[in-house]
Amino acid sequence: MGFRKKNKSPPVLSHEFVIQNHADMVSCLAMIILLGLMFEVTAKFAIMFITVQYNVTQVLDEKTEPVNLYQYGPKDVATVFFYLLIAVILHALIQEYILDKMNRRLHLSKTKHSKFNESGQLAAFYLFSFIWGCSILTAEEFATNPTFLWEGYPHTHMVFQVKFFYICQIAYWLHALPELYFQKVRKEDIPRQLYYICLYVVHITGAYVLNLHRLGLVLLVPHYLVELLFHASRLFYFSDENKQKGFTLWALLFVIARLLTLTLSVLTFGFGLPRTENQGFSLAEGNFNVLTIRMTCLAAICLTQAWMMWKFINFQLKKWREHSQNQASKKKMVSPKSKPHKREPARGGAANGVVKSEDKTSPRARKAKAS
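Residues numbered from 1 in each chain as written. Predicted model: local features only at pLDDT ≥ 70, side-chain atom pairs only at ≥ 80, totals over all residues. Heavy atoms only, no water.

### Brief notes about the packing of helix α2 (residues 40–50) against helix α3 (residues 76–106)
The geometry of a pair of packed helices is captured by two quantities: the angle between their axes and the separation between those axes.
Stage number 1. For the pair α2 and α3, interaxial distance at closest approach is 6 Å and the crossing angle is 70 degrees. With respect to α3, the element α2 is oriented roughly perpendicular. From α2, M48, F49 and I50 reach across to α3, where they touch A78, T79, F81, F82 and Y83.
Stage number 2. Taken together, the residues of the contact of α2 with α3 break down into seven nonpolar, one polar and no charged. (Axes fitted to C-alpha atoms, helices over the stretch in contact; angles between N-to-C directions. Helix = DSSP H or I, 4+ residues; strand = E, 2+ residues; numbered from the N terminus. Parallel < 35°, antiparallel > 145°, perpendicular 65-115°, else oblique. Contact = heavy atoms within 4.5 Å. Nonpolar A, V, L, I, M, F, W, Y, C, P; charged D, E, K, R; others polar.)

### Quick notes on the layout of surface pockets
Stage number 1. What the second largest pocket holds in volume is close to 870 Å³.
Stage number 2. Taken together, 37 residues make up the lining of the second largest pocket; nearest its centre are H91, Q95, E179, F182 and Q183.
Stage number 3. Put simply, the parts of the chain that give the lining of the second largest pocket at least two residues each are α1 (15–35), α3, α4 (110–139), α5 (160–182) and α6 (190–209).
Stage number 4. A per-element tally of the lining of the second largest pocket places α4 first, with eight residues.
Stage number 5. Residue classes in the lining of the second largest pocket are distributed as 14 nonpolar, twelve polar and eleven charged. (1 Å grid on protein atoms, 1.4 Å probe; cavity = no way out; pocket = protein on both sides within 12 Å on 5 of 7 lines; lining within 4 Å. Points joined across faces, edges and corners; volume = space filled by probe spheres on them.)

### Section: the environment of R294
Stage number 1. Turning to its location among the elements, R294 is positioned in helix α9 (residues 291–334).
Stage number 2. Its relative accessible area of 9% is what places R294 among the buried residues.
Stage number 3. The sequence separation of R294 and F269 amounts to 25 residues, and the corresponding C-alpha distance is 5.6 Å.
Stage number 4. Contacts of R294, omitting those with residues within four sequence positions, involve F269, L273, P274, Q279 and N289. (Buried < 20%, exposed > 50% of the residue type's maximum accessible area, 1.4 Å probe, protein only.)

### Details of the nonpolar core
Stage number 1. Formed by 59 residues in total, the largest nonpolar core has its most connected members in Y126, Y166, W173, I204, Y224 and F269.
Stage number 2. Listed by contribution, the elements that provide at least two residues to this core are α1, α3, α4, α5, α6, α7 (213–239), α8 (245–272) and α9.
Stage number 3. Here this core gets eleven residues from one element, more than from any other, and that element is α5.
Stage number 4. F247, A251, A257 and M308 belong to the second largest nonpolar core, which has nine residues in total. (Core = buried A, V, L, I, M, F, W, Y, C linked by side-chain atoms within 4.5 Å.)

### Here's the deal with the confidence of the model for the chain
Stage number 1. Here the chain averages 86 in pLDDT, while 86% of its residues score no lower than 70.
Stage number 2. When the criterion is pLDDT under 50, residues 1–6 qualifies, and its contacts beyond four places in sequence or with other chains add up to zero contacts.
Stage number 3. Scored below 50 in pLDDT, residues 346–371 makes seven contacts in the model with residues more than four places away or belonging to other chains. (pLDDT = per-residue confidence, 0-100.)

### A short note on empty space enclosed by the protein
Stage number 1. Taken as a whole, this structure holds one cavity of 30 Å³ or more when the rule is applied.
Stage number 2. When its volume is computed, the largest cavity comes out at roughly 40 Å³.
Stage number 3. Together, Y153, L210, L212, F269, L273, F288, N289, I293, R294 and C297 line the largest cavity.
Stage number 4. Mapped onto the lining of the largest cavity, the elements with two or more residues apiece are β4 (287–289) and α9.
Stage number 5. The biggest single contributor to the lining of the largest cavity is α9, with three residues.

### A word on the pattern of salt bridges
Stage number 1. This structure, assessed with the given rule, holds six salt bridges.
Stage number 2. The closest approach of N and O atoms between E16 and K184, which form a salt bridge, is 3.1 Å. Of this pair, E16 sits in helix α1 while K184 sits in the loop between α5 and α6, and the two are 168 residues apart along the sequence.
Stage number 3. Using a relative accessible area of 31% as the deciding quantity, one classes E16 as partly exposed.
Stage number 4. A salt bridge links R186 to E188, with the shortest nitrogen-to-oxygen separation between them at 3.3 Å.
Stage number 5. Given the relative accessible area of 56%, E188 is considered exposed. (Salt bridge = Lys/Arg side-chain N within 4 Å of Asp/Glu carboxyl O.)

### Digging into the packing of α4 against α5
Stage number 1. Direction vectors running N to C along α4 and α5 enclose 165 degrees, while the axes themselves pass 11 Å from each other. The pairing of α4 with α5 is recorded here as roughly antiparallel in orientation. The element α4 and its partner α5 pack so that their crossing is left-handed. On the side of α4, the interface is formed by Q121, L122, F125, Y126, S129, W132, G133 and I136, while α5 contributes Q161, V162, F164, F165, C168, Q169, Y172 and W173.
Stage number 2. Residues that form the contact of α4 with α5 fall into these classes: eleven nonpolar, five polar and no charged. (Left-handed = near helix turned anticlockwise from the far one by under 90°.)

### Some remarks on α1
Stage number 1. A rise of 1.5 Å per residue sets the reference length of α1, with its 21 residues, at 30 Å; its end C-alpha atoms lie 28 Å apart and thus fit the reference within 8%.
Stage number 2. Taken as a whole, α1 carries its principal kink of about 70 degrees at N21.
Stage number 3. Contact partners of the buried residues in α1: α2, α3 and α5. (Expected span 1.5 Å × (residues − 1). Bend = angle between axes of the 7 residues up to and from the residue.)

The following block contains the structure:
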């Protein structure tokens, strides 16, 4: 009679221990920050991590109520760090209670398993960010009038929803870096994921710091819609390989999103900002409206879009080759390998080893008749 081997817990603070318990460790750290609100001595520091900083009250008219706006500053680093911890916890919850259960039902291979987890996490984030971004765009005027993207620059003041949106965006993409270690991502997939994580961090942080949050928000929302469609289509594909119609719609919207991004970027940096009244460079005023910065931002966006189009074309060519190879292999399976040959007539009246006479009479019957 055999005994079951008990799974030994890994040594404390070992790599396996940290990977298995990273969500609990991070949640404990977040709880310590929250408990700091209970004491007067630590409340000032805890608020810096939890709430959005740099509140500015602006009075437009005497009749209207004052409006609370926000700026950015060094204390935002602490806020980003706290919501990075929250992102790690939410990532672990989605992985354990949703994606792992779906993986057990689908019985995917290791390669598809890692891609399924990646698409599941990103699809949830893109869906949440797209809905949140759309709600902000419907409340703001610069969504309907393109001139609001550059009029009144520098846009140093933000409403609460816009600033909190950027804080959460930066926190999420920064949390994706340690998740490469926590999720045991394969070495072959790490460079590819590092590329797009770093691109997101650089572009979103650049739009936030350079006071281009209006343009950044308008460009992020359609981009997230396209990425949401791609990862949702990939999830359906892993569940059933016949479901590939979503990739066709994604390919069409991908090209449209790239053209929209280039158009709005050229309008903003090439025509809008050069014609505004505030020209010059000033860190104190948050003004970065100089030719060097404008051309650098435009070049970064154009190069990123060109790189994405290059990856897109290679992906489509690879998919087309695989489809053509599958079609060719199916034709080979259907077509017969060799034509059937006609059987030659039996020599000497023999068939299947039995000697037969031509007049279909047996020798015994012929002998009896002769007698």
